[in-house]
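Analysis of the macromolecular model
Spelled out, the chains give:
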Amino acid sequence: MNKDLLDGRLLFAIPKKGRLHEKCLELLSGADIQFRRHNRLDVCLVMNHPMALVFLPAADIPSFVANGDVDLGITGHDVIIEAGMQEQITEIHRLGFGKCALQVQTPENGPFKSVDDLAGKRVVTSFDVIAGAYFAEIDERLNLTGDNKTKIQYVGGSVEAACALGLADGIVDLVESGDTMRAAGLHAISTVLQTEAVLIKSNAPHRAHHAPLIDLMASRIAGVLAAAKYVICEYNIPRQSISQAAAITPGRRAPTISPLEEEGWVAISSMVEKKNIANAMDQLVKIGAEDLMVFNLDNCRV
């Protein structure tokens, strides 16, 4: 791609593959960021905004954003910490996907049942910065010095096999469902970090004139996130039960209440978190609500 085509455009870094890639594409679609990525190119122009998408390895995105070379990015919270970029980056939104736990794991039938048991032994990980800092605190607390300190070894992949191969006494690795860990005969003895995908921007941007567009994209993405979190609940209820109904479905600010043609009845519309909607409907029925309906949101601004 001709570099001149990128002049004046906001650059938005997206993971090019892996666990975050597909979810990022869904998020961009929900925010109406329109683009066509041709022939697996790693840079493509956005058609309806002065932007370009840059597809990068998730581990590289914090550096590009922190240096101001890229204006916005999506990556894992754990990746930012491992890169040591948390002071140079602002996390605008946690995105609710790519959720994992970085955990200390040991053989289920082994002698190490706590991190204190494992301290001073061999630990293999792809997150040697985070794991090193974590075990350094434990070593200090246990007064382990010199050769008695925990030995952290970096391995780029297949970390879960390290114990079975005799390379390590324990590992530090990301756990999503836990299936891989259990299949390898491991169990978690401590959680180092909870992580998920985050939208980030630089604390020292090179192109300050992009600030309004960054705010617009952040607002749109926040709308997509809220739409995924909430539903609209509408129902009819006797007027004397309004206070009870409002306590069950208070909305984000207040429920919308409209009179019905039938005297003594009102219609109520309210935003309710998806995770609470089934219980809310049960409670509404108990206080006399009728004609309950629930609608999904495609997008919103809250």
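Quick caveat, the model's predicted, so the values are computed rather than measured.

A tally of helices and strands in the protein yields nine helices and 15 strands. In terms of overall dimensions, the protein is more spread out than a globule: its C-alpha atoms have a radius of gyration of 25 Å, far above the 19 Å expected for 302 residues. Dimensions along the principal axes, computed over C-alpha positions, put the protein at roughly 80 × 55 × 35 Å. Once local pairs closer than 6 in sequence are excluded, the contacts in the protein between residues at least 24 apart make up 74%. Approximately 15,700 Å² of the protein is accessible, and the part contributed by carbon and sulfur atoms is 50%. Positive and negative side-chain charges in the protein, numbering 29 and 37 respectively, have mean positions lying 2 Å apart.

On to the UniProt feature "domain: ATP phosphoribosyltransferase catalytic" (unreviewed entry) in the protein, then. Within this structure's numbering, the places UniProt gives as "domain: ATP phosphoribosyltransferase catalytic" (unreviewed entry) are residues 58-222. The span residues 58-222 shows a helical share of 29% and a strand share of 30%, and its end C-alpha atoms are spaced 21 Å apart.

It is a probe the size of a water molecule, rolled over the atoms, that shows where empty space is left. By volume, the largest pocket is sized at about 610 Å³. Along its surface, the largest pocket is lined by 26 residues, and Arg-19, Asp-78, Val-79, Phe-127 and Leu-174 are the ones closest to its centre. Elements that contribute at least two residues to the lining of the largest pocket include exactly helix 3 (77-83) and strand 9 (170-175). Considering every element that reaches the lining of the largest pocket, the biggest residue donor is helix 3, with four residues. Counted by class, the lining of the largest pocket contains 13 nonpolar, six polar and seven charged residues.

Next up on the list: the environment of Tyr-134. Summarising the element assignment, Tyr-134 is placed in helix 5 (residues 128-141). Once residues lying within four places of it in the same chain are set aside, the contact partners of Tyr-134 are Val-104, Val-115, Ser-190 and Val-192.

What follows concerns the sheet that holds strand 11 (residues 197-202). In space, the six strands of this open sheet follow the order 2-3-1-4-11-5, with mixed pairing throughout. The outermost strands of the open sheet, each flanked by one partner alone, are strand 2 (43-45) and strand 5 (89-94). Direction aside, the axes of adjacent strands within the sheet are offset by 30 degrees on average. Of the strands in this sheet, strand 1 (10-15), strand 3 (51-56) and strand 4 (72-76) touch helix 1 (residues 21-30), which is tilted by about 140 degrees from strand 1. Contacts from helix 7 (residues 211-229) reach strand 1, strand 3, strand 4, strand 5 and strand 11, with the element oriented near 30 degrees to strand 5.

Now for the packing of aromatic side chains. For the structure shown, the criterion picks out two aromatic pairs. Considering the side-chain rings of Phe-35 and Phe-55, the 6.3 Å spacing of their centres and the 50 degrees angle between planes classify their relative orientation as tilted. Taken together, the residues Phe-35 in the loop between helix 1 and strand 2 and Phe-55 in strand 3 connect sequence positions 20 residues apart. Since its relative accessible area comes to 22%, Phe-35 is described here as partly exposed. Relative to Phe-135, the ring of Tyr-134 lies with its centre 5.5 Å away and its plane at 90 degrees, an arrangement referred to as edge-to-face. We classify Phe-135 as buried; its relative accessible area is 1%. Lying over the aromatic face of Phe-55, Arg-37 brings its terminal NZ or CZ to 3.9 Å of the ring centre.

In this fold, Asp-169 is placed in the loop between strand 8 (151-154) and strand 9. Among residues more than four places away in sequence, those in contact with Asp-169 are Thr-106, Pro-107, Phe-112, Leu-118, Lys-121, Arg-122 and Cys-163.

Let's shift gears to the side chain of Gln-105. Structurally, Gln-105 can be placed in strand 6 (residues 100-107). The class of Gln-105 is buried, set by a relative accessible area of 2%. Looking at Gln-105, its side chain comes within polar contact range of the main-chain oxygen of Asp-173, at 3.4 Å. Excluding its chain neighbours within four sequence positions, the residues that come into contact with Gln-105 are Gly-170, Ile-171, Asp-173, Val-175, Met-181, Leu-186, His-187 and Ala-188.

Moving on, we get to the pattern of salt bridges. Within the structure shown, the criterion is met by nine salt bridges. In this structure, the salt-bridge partner of Arg-37 is Asp-42, at a minimum N-O distance of 3.1 Å. The class of Arg-37 is partly exposed, set by a relative accessible area of 21%. Classification of Asp-42 by relative accessible area gives partly exposed; the value is 29%. Arg-182 serves as the salt-bridge partner of Asp-179, at 2.7 Å between the closest nitrogen and oxygen. Pair noted here: Asp-179 and Arg-182 are both in helix 6 (residues 179-183), with a separation of three residues, about one helical turn. Each of Lys-16, Arg-37 and Asp-42 takes part in salt bridges that share partners, so that together they form one network.

Reading the values: rules and limits
Residues numbered from 1 in each chain as written. Predicted model: local features only at pLDDT ≥ 70, side-chain atom pairs only at ≥ 80, totals over all residues. Heavy atoms only, no water. Helix = DSSP H or I, 4+ residues; strand = E, 2+ residues; numbered from the N terminus. Rg over C-alpha atoms; globule rule 2.2 N^0.38 Å. Contact = heavy atoms within 4.5 Å. Areas by Shrake-Rupley, 256 points an atom, 1.4 Å probe, with all protein chains shown as cover. Lys, Arg positive; Asp, Glu negative; His and termini not counted. Charge placed at Lys NZ, Arg CZ, Asp CG, Glu CD. UniProt positions renumbered as here; feature names shortened; annotations may be inferred. 1 Å grid on protein atoms, 1.4 Å probe; cavity = no way out; pocket = protein on both sides within 12 Å on 5 of 7 lines; lining within 4 Å. Points joined across faces, edges and corners; volume = space filled by probe spheres on them. Nonpolar A, V, L, I, M, F, W, Y, C, P; charged D, E, K, R; others polar. Pairing = 2+ DSSP bridges. Axes fitted to C-alpha atoms, helices over the stretch in contact; angles between N-to-C directions. Phe/Tyr/Trp six-rings, centres within 6.5 Å; stacked < 30°, edge-to-face > 60°. Buried < 20%, exposed > 50% of the residue type's maximum accessible area, 1.4 Å probe, protein only. Lys NZ or Arg CZ within 6 Å of the ring centre and 35° of its normal. Polar contact = N/O pair within 3.5 Å; in protein donor to acceptor, adjacent residues only side chain to side chain. Salt bridge = Lys/Arg side-chain N within 4 Å of Asp/Glu carboxyl O.

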